[in-house]
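Survey of secondary and tertiary structure
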Amino acid sequence: MLPLLAGTVCLDGADPDPALVERLGIAVRNQTTARQRQVAVPGGWFSAGVPPARPGRLTRHLARDSETDGWVLAFDGRLTERTALIDMLDLAGRGPAPDDAELALAAFARWGDAAPGHLNGRFAIALWQGARRRLVLAVDHMRQARIYLHRNGPRITFGSTLRLVRALPEVPATLDEDMLGLFLADVSMPTHRTFFAAIDQIPPATVLAIDARGQSETEHWSVDWSRRIRLARDEDYVEAGRELVDRAVARALPASGPVVSMLSGGLDSTMVTATAARLVGARGLTALTTVPPDGAEYPEHRKRFGDERAHAEAVARMYPGIRHEIMPAVTPHPMETDPRRFFAVLNVPWRNVSNIGWFVPMHDRAALLGSEAILVGSAGNLGFSYNGTDGLYEMVKGGHPLRALREARIMARQSPNGSTLGTLRKLVLRPLFSPAAQHRIDRARGRRHPWINAIPLRKEIWQQMDIDREWVRAGRGYGQGMAGRRSWLHLMQASSGDLRPGLEHLTGIHVRDPLSDKDLLAFFFALPPEQYLRNGVTRFIARRMAADRLPPEITGETRRGRQSPEWFHRLGLYRDQLAAEVDAMAASPTVGRLLDVPRLQRLVRDWPETATDADFSDYGAALARGAYAASFIRWVEGRND
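Residues numbered from 1 in each chain as written. Predicted model: local features only at pLDDT ≥ 70, side-chain atom pairs only at ≥ 80, totals over all residues. Heavy atoms only, no water.

**So, the sheet that holds strand β11 (residues 206-211)**
Where strands meet in a sheet, backbone hydrogen bonds hold them as pairs that are either parallel or antiparallel. The line we're drawing: Strand pairing is assigned whenever DSSP identifies at least 2 bridges connecting the two strands. The numbering of helices and of strands both runs from the N terminus, where a helix is a DSSP run of H or I of at least 4 residues and a strand a run of E of at least 2. Under this scheme, a helix contributes an axis fitted over its contacting stretch, all axes are lines through C-alpha atoms, and angles between N-to-C directions fall in the 0 to 180 degree range. Any pair of residues with heavy atoms lying within 4.5 Å of one another is described as a contacting pair.
Strand order in the open sheet formed by six strands is β4-β5-β6-β7-β11-β12, and the pairing between neighbours is antiparallel. Edge positions in the open sheet fall to β4 (62-65) and β12 (214-219), since each of these has one partner strand only. Neighbour-to-neighbour, the strand axes of the sheet open up by a mean angle of 15°, direction not taken into account. Both strand β7 (residues 134-139) and β11 contribute to a ladder of four bridges, which runs antiparallel. Bridge assignment links L137 to a residue of β11, and that residue is L208. Against the sheet, helix α3 (residues 100-111) makes contact with β4, β5 (71-80), β6 (120-129) and β7, and its axis sits at roughly 115° relative to β5, the strand it touches most.

**Here we look at the side chain of T273**
Relative to the helices and strands, T273 is located in helix α7 (residues 267-280). The residues touching T273, leaving out its near neighbours within four places in the chain, are S261, M262, L263, L285, A287 and I322.

**Considering the pattern of salt bridges**
Filter applied, for reference: Definition used for salt bridges: Asp or Glu carboxyl oxygen within 4 Å of a side-chain nitrogen of Lys or Arg. Accessible area is worked out with a 1.4 Å probe on protein chains only. A residue is then buried under 20% of its type maximum, exposed over 50%, and partly exposed in between.
Applying the stated criterion across every chain, the model contains 39 salt bridges. One salt bridge in this structure joins E81 and R251, with 2.9 Å as the shortest N-O distance. You can see E81 sitting in the loop between β5 and α2 (82-88) and its partner R251 sitting in helix α6 (residues 234-252), a full 170 residues away along the chain. Assessed through its relative accessible area of 34%, E81 is described here as partly exposed.

**Quick look at a nonpolar patch on the surface**
As a reminder of what qualifies: Patches here are clusters of residues that have more than 30% relative accessible area and form no salt bridge, with a 9 Å joining cutoff for like charges and a 5 Å cutoff for nonpolar side chains (Val, Leu, Ile, Met, Phe, Trp, Tyr). Per-residue accessibility takes into account occlusion by the displayed protein chains alone, with areas from the Shrake-Rupley method and a 1.4 Å probe.
Residues L429, L432, F433 and I441 make up a contiguous nonpolar surface patch of roughly 360 Å² in combined accessible area. Tracing the sequence through the fold places L429 in helix α14 (residues 420-429).

**Some details on helix α13 (residues 401-414)**
Rules: Given a helix with a known number of residues, its expected span is that number minus one, times 1.5 Å.
Taking 1.5 Å as the rise per residue, α13 with 14 residues should run 20 Å; its terminal C-alpha atoms sit 20 Å apart, in good agreement. Within α13, the full set of buried residues consists of A404, E407, A408, I410, M411 and A412. The inward-facing, buried residues of α13 abut α12 (391-397), α14 and β19 (533-534).

**Side note on helix α17 (residues 467-474)**
Most of α17 is tucked away: six of the eight residues are buried. Residues of α17 that are buried include every one of I467, D468, E470, W471, V472 and A474, and no others. Just past α17, the residue G475 takes up positive phi, approximately 75°.

**Regarding the nonpolar core**
Stated formally: The criterion is simple. A nonpolar core is a set of buried Ala, Val, Leu, Ile, Met, Phe, Trp, Tyr and Cys residues joined through side-chain atoms within 4.5 Å.
Within the largest apolar cluster, 77 residues are counted, with the highest numbers of intra-cluster contacts made by F195, M335, M585, L623 and F632. With 12 residues, helix α27 (residues 617-637) is the largest single contributor of residues to this core. Listed in part, the 41 residues of the second largest apolar core include Y237, A248, M271 and L527.

**Notes on the confidence of the model for the protein chain**
Worth spelling out the cut-off: Note on scores: pLDDT gives the predictor's confidence for each residue, bounded by 0 and 100.
This prediction gives the protein chain a mean pLDDT of 88; 94% of its residues lie at or above 70. Highest mean pLDDT in the protein chain belongs to strand β13 (residues 260-262) (98); lowest belongs to strand β2 (residues 35-41) (73). Segment residues 53-59: pLDDT under 50, and 16 contacts once partners within four positions in sequence are set aside and those in other chains are kept.

Following this line, the structure appears as structure tokens:
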């Protein structure tokens, strides 16, 4: 279990309902299994809960200051760059070093609602300005920590997990079917909404201030997509990038206890692991690699490799301090075969079901090792390892058409069936049109969206929700150079399904992604396109940055690793449970309205003979996600027989 924050405030001057306060306090105790600190203030009540196994004072998560009109602040997360922040706030030498909650409170006293923009790290903050009866809620730039809230007239109740807010009897369990539809269509959902109609959440990089007169919402971090860095030498980009990666990884390292990382065969996790190994030295690091079990069938792919063992082992051999553990995905994880008991903690469905048995066991292993966090490289594709092919459009747009033509010719020669004209048509001419125009052109040519088979929605719901328009809005499949990165950033910030925070509270392990560091992202977003694509070499800057710390098996690899390549083998291990879930779908009217149940029944009935015969869109996406979502809906509705 991880720390929690919770509270309830009344904007109209009334005291909070004692029964509500009691229920909220019980919910915090139940979800942290022990220590709790509560503070009653005029018109409000705040609480922070800390598991007994976690070191540190409760004041680290709750602070108050009578000099600022009775302010009280609840904090969930972990601030980095603390020394610099202490100096900026002129707090050095004034007694014991302030904890994270005290630092956040001092930052608000100095900078007001702009304070979160001065903070680095992962955080969720709730500040009650008692004299003004004003509630301020804020989360970090990638929303690694969350705040959920329920409004009942002038009363606002909030907590750092969905489970906590849903524990209150006054919060209706009504599902938001539009959000479920977007989830099933794999469209990034509005960042202020949840799967429950009565519960909202704070968008990423946002400060929400609410009082009796209304509310205001401001961003404390945003990307200037027009900004470009121009350095004197190619080597300067590499040196600057390495320095930022070192700093970002250092920020993510746990202060004490074992250091654990996920280690795949791609550039991102290997860069994070290798950098961490260099920084921790003799302290050592445990790297976890999941691989397909022996004998599991999966089709080969020209541009991807399935078993990442050899690549990961090559990295581990370079660093004596790495203790490398290979974890074959032999049996289904309980979250795959019986998800209902996990819904009680997560309160969300899972988007990519085939990855449950691939990633969750590594969280479990990190917990057994006694670590407080696991290092990952999930955000690498946004910046560090961005492949750069969209850069052709940016080159033309930036006045360098000949450079784009040269790159297109090289890329065409590298592709078995490639042509210069085809490459230019796809990566330069097509993005010249808006996403809406691209969609109209595709329809006129009879071209189907590449993900259409992966969607388990009924046709009527598809049309009613206008999923085509939602895809256009989100830019999914309709890129325009940097617009594609904006879409991917939004999707990562939204974290479809709110899964990571729930999984963290389930396993007690924080997920720390140095490649999502905001200083690092700002650097990579501002690089010129030729730093990502040069002479047909994609991920150009990442390969050069990694040359001093990764083996050639990684830096020279042009294929990408595949997460859970044996997905069809895994589905087969619990095929009977999938069939039972599809059979049970008729028990829920909501499931029947949303899902194309006859199609899912046909997929179960016509089960392919081999992995080569199975289409991931049909089985790994539509069937697996549809069955999991149906199970979640029936759990919420209480139809679990």
